[in-house]
Amino acid sequence: MEQMKKIILEKSTLLTLLVTSGVFMGGTCVFAKEPVERFTLGEFVVTASRVATNKSDTPANISVITKESIADNNYRDAAEAISKIPGVNVLGSGAKGTSMGQDKILINGDERVLILVDGRRVNLGSSGNYSADWLPPVNAIERIEVLKGAGSALYGTDAVGGVINIITKKGSELESHVIVRAASGSWNTEQYGITAGGATENGLGIFVSASKDRRGNYSYKDIDGDVKTMPNSGFNTDGVNLKLDQQIGKDNRITMQFEHLNTEGGAPFGYYGITTTDKHKRLNNNLSMRYDWKESTDNSGYMQIYRNHHHAQFLSPDKDNKSDFIDSTWGVDLQQSFKLSEKNNLITGISYYKTEVNNDVMFDGKKEIDNQAIFLEDRWKFADSWQLNTGLRFDHHSTYGSELTPRISLNKKLNEDTNVYLSWGKVFKAPTVQDLYWKQNMPYEYNGVWYDSWTLGNPDLKPEKGNVWTLGTNTKISEKTNFTASVFYSDIKDAIVWKGNSNGAYQAFNVAKEKRRGMELSINHYFNDNLSGYLSYTYAKSERNDGYGYVNYDNIKPNIYRAGIKYKNEKLILNIDLNVVNGQVLMYTNGYDSYGYADKSYFTLDLGAQYKINNDAKVFIKGYNLTNARYQEYGGKYSNGEAKYPMPSRSFIVGMEYNF
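(A) Quick look at the overall build of the chain. When you go through the chain residue by residue, the secondary structure sums to five helices and 40 strands. Taking all 660 residues of the chain together, the buried fraction comes to 56%. Considering only contacts within the chain whose residues lie at least 6 apart along the sequence, 62% involve residues at least 24 apart. Per element, the accessible surface of the chain, about 28,500 Å² overall, is 55% carbon and sulfur.

What follows is the structure in structure tokens.
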């Protein structure tokens, strides 16, 4: 076994060296033992302030998913993991990459969410979103941080509802290992994954992961209560992640990262019903290089350059549904921290990115946007238990001009286990390439006569902007119980709405105002050394005013209750997860679009079991939607009354994992 382990590690190292064209050469592969972690996961967070800070000193609503939680729950993907966080919704369907766009992620009822991978922006310039299906595979993830609330003062556009930062593993922080994983389940599901990581004796950390996920047509419960098969809903996804990090001197590091995703499958959701034979193909190739200096000091900093490349194709026998576009972004970030005094720290940085989108069907050729920014944030402990964070960011966009976004946050640390915070921030969302430049004619036939139907962007759009307030607390009630609570309020003006113009075309306008308010309660409790549980409640209300008064924004889940029990000993892990949603608006249509859901409420139950055969091997089984509920994450209906994006019915998956 030891010999096999050596062979696989040596081969993965050789492959890595070939990929990087011999930049890192030499050194015998003698892997180091896992070092002591620099900080305890869950107690320190990075995303809220762009540097590691203790959670009790962080005036923000932030949740953390650790690698231990990912392993214990055997999540299929990152989307499943983040969907368990209070305040987060993943608006998906049973088919990945479908014609609805992406599986959008909502935080506090807002889809304007910034997605980061190791601090690097990955949102598409064309749509401004990033699909939950494109996040790194779970076998490559160290932890996930979710910041709920205003993030524009530090991160700029898209960070209105919040920020999700996927932090991937480093070979230099791992004990040498190779892990293989395989699973199979309902609807011909097959999942495979392999990771290899460790460090050479000269400080080169290597981490490689590869994954494959494919599935046939899924089943769903229809509006009439029957379980049916969704035609043309299968998919096949392959991914590779490579990360090299080389320590330079005592406290400096250079990191190279490459992410590859290739996926294809059916797009069953057409305009007239679940009958289309359309297909989709997507290719993501992202590359970054980063240099960190003085990593373990209060005067740390980094510089990174990156390129994100997204190529999407929509294939259809209907020429008007065909599309082929490339969304490519390159950027550079520079950040420096300064310890001004024992109680005062300053973070400052600059950022630049440029996006090129090429789509002859939607954009009449290539379109470009770019953004330059400078930001700073001051963290001041002006008393033993008080901290004031003030931030300011200046963005200059190539199309709409400049935007200034401040933020002020106050934190009161009642003791080592309890803090209360109040945060206010300006937020903005820059118009996307689609908003600005979409130009597409989709003719339609009515009573034997063909008519033009134009979809038009608007180059005169302004950014959506507003204010977000958050008030919250984190407390340790006892040695076995943690409690968090928060309330939020946001108001957005100049919200972009697509509607008919005077010529009958469908066009983007800055006409709407939006208000969102809600609350979040969460409690985690350890009954004993083996048994733990959690309970959470999320309330979100979203209203939009298009000029006719405020009305509910109907594709929002107003009340979400989540609860779970976990039993864990040295050999066995059992998980029970409950999800209850109520208060949804029933489906209706306004003549153009459909909103709402098939049911006002639903209840789902998931079960998981894992058995550790020995220190190197485990087997697991998971059951999803065991109540066989009829439900939707993304609302809408067809003219015949069918739900547009039904979620899967009851399903199972069985797998194993081996570490050697």
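The rest of the description comes next.
(B) Seen up close, the environment of Ser651. Examined against the element boundaries, Ser651 turns out to sit in strand S40 (residues 651–659). Along the sequence, Ser651 and Gly185 sit 466 residues apart, while their C-alpha atoms lie 7.5 Å from each other. In contact with Ser651, other than residues within four places in its own chain, are Ser186, Trp187, Lys622, Gly623 and Tyr624.

(C) Layout of the packing of aromatic side chains. Applying the stated rule across the entire model yields 16 aromatic pairs. Centre to centre, the rings of Tyr537 and Tyr561 are 4.9 Å apart; their planes meet at 35°, and the pair counts as tilted. Here Tyr561 lies in strand S34 (residues 559–568) and Tyr537 lies in strand S32 (residues 531–545), a separation of 24 residues in the sequence. Summarising the aromatic geometry, the rings of Tyr658 and Phe660 are spaced 5.6 Å apart at their centres and angled 35° between planes, so their arrangement reads as tilted. Of the aromatic side chains, those joined through ring pairs into one cluster are Trp187, Tyr218 and Tyr220. In this arrangement the basic side chain of Arg76 is found over the ring face of Tyr624, its NZ or CZ atom lying 3.9 Å from the centre. We note Arg290 situated over the ring of Tyr302; from NZ or CZ to the ring centre the distance is 3.7 Å.

(D) Structural detail: the sheet that holds strand S9 (residues 162–168). Read from one edge of the open sheet, five strands run S3-S8-S9-S6-S7, paired in mixed fashion. Edge positions in the sheet fall to strand S3 (61–66) and strand S7 (120–121), since each has one partner strand and no second. Note that strand S6 (residues 113–117) and S7 share two bridges and pair antiparallel. Across the sheet, the residue bridging to Leu116 is Arg121, located in S7.

(E) Quick look at the pairing of S6. Counted residue by residue, S6 has five buried out of five residues, so it is predominantly covered. Judged by which residues are buried, S6 turns out to be covered on both faces: Val113, Ile115 and Val117 on one side and Leu114 and Leu116 on the other are all buried. Hairpin connection from S6 to S7: two residues lie between these consecutive antiparallel strands, with Asp118 at a positive phi of about 55°.

(F) Focus on the pattern of salt bridges. Tallying each qualifying case throughout the model produces 41 salt bridges. For the salt bridge of Lys381 with Asp57, the shortest nitrogen-to-oxygen distance reads 3.9 Å. Linking Lys381 in strand S21 (residues 365–383) with Asp57 in the loop between strand S2 (53–54) and S3, this pair joins segments that are 324 residues apart in sequence. With relative accessibility at 34%, the residue Lys381 sits in the partly exposed group. The partner of Glu403 in a salt bridge is Lys465, and the shortest N-O contact between them spans 3.8 Å. One end of the pair, Glu403, is in strand S23 (residues 401–415); the other, Lys465, is in strand S29 (residues 464–478), and 62 residues separate them in sequence.

(G) Region of interest: the pairing of strand S20 (residues 344–359). Pairing geometry for strand S19 (residues 323–341) and S20, over 15 bridges, is antiparallel. For Asp333, the partnering residue across the bridge sits in S20 and is Ser351. Adjacent in sequence and paired antiparallel, S19 and S20 are bridged by two residues. As paired strands, S20 and S21 are joined by 16 bridges and run antiparallel to one another. Its bridge partner being in S21, Val357 is matched across the sheet by Lys367.

(H) Structural context of a nonpolar patch on the surface. Taken together, the side chains of Trp380, Phe382, Trp386, Leu410, Leu414, Val420, Leu422, Trp469, Leu471, Val487 and Tyr489 make up a nonpolar region of the molecular surface, amounting to roughly 940 Å² of accessible area. Elements with a minimum of two residues in the nonpolar patch: S21, S23, strand S24 (418–429), S29 and strand S30 (481–500). What makes Val487 partly exposed here is its relative accessible area of 37%.

Reading the values: the criteria
- The written sequence of each chain sets the order in which its residues are numbered from 1.
- Whole-chain, interface and lining totals are the exception, using all residues; otherwise, since this is a predicted model, local features are given only for residues with pLDDT of at least 70 and side-chain atom pairs are given and counted only at 80 or more.
- Remark: hydrogens and water are excluded; side-chain values derive from all non-hydrogen atoms of the structure.
- In DSSP terms, a helix is any run of H or I states spanning at least four residues, a strand is any run of E spanning at least two, and both are numbered starting from the N terminus.
- Buried, partly exposed and exposed residues are distinguished by accessible area as a fraction of the type maximum, computed with a 1.4 Å probe on protein chains only: under 20%, between the cut-offs, and over 50%, respectively.
- Contact between two residues is taken to exist if any of their heavy atoms lie within 4.5 Å; hydrogens are not considered.
- In short, Shrake-Rupley with a 1.4 Å probe defines the accessible areas, and a residue's cover is counted only from the protein chains shown.
- Any pair of Phe, Tyr and Trp rings, taking the six-membered ring for Trp, is counted once the centres come within 6.5 Å. Such a pair is stacked with planes under 30 degrees apart, edge-to-face with planes over 60 apart, and tilted for the rest.
- We count a charge as sitting over a ring when the NZ of a lysine or the CZ of an arginine lies within 6 Å of the ring centre and within 35 degrees of the ring normal.
- Should DSSP find at least two bridges between two strands, the strands are regarded as paired.
- Every case where a carboxyl oxygen of Asp or Glu lies within 4 Å of a side-chain nitrogen of Lys or Arg is listed as a salt bridge.
- To count toward a patch, a residue needs a relative accessible area above 30% and no salt bridge. Like charges then connect within 9 Å, nonpolar side chains (Val, Leu, Ile, Met, Phe, Trp, Tyr) within 5 Å.

Just geometry here; none of it tells us what the structure is for.
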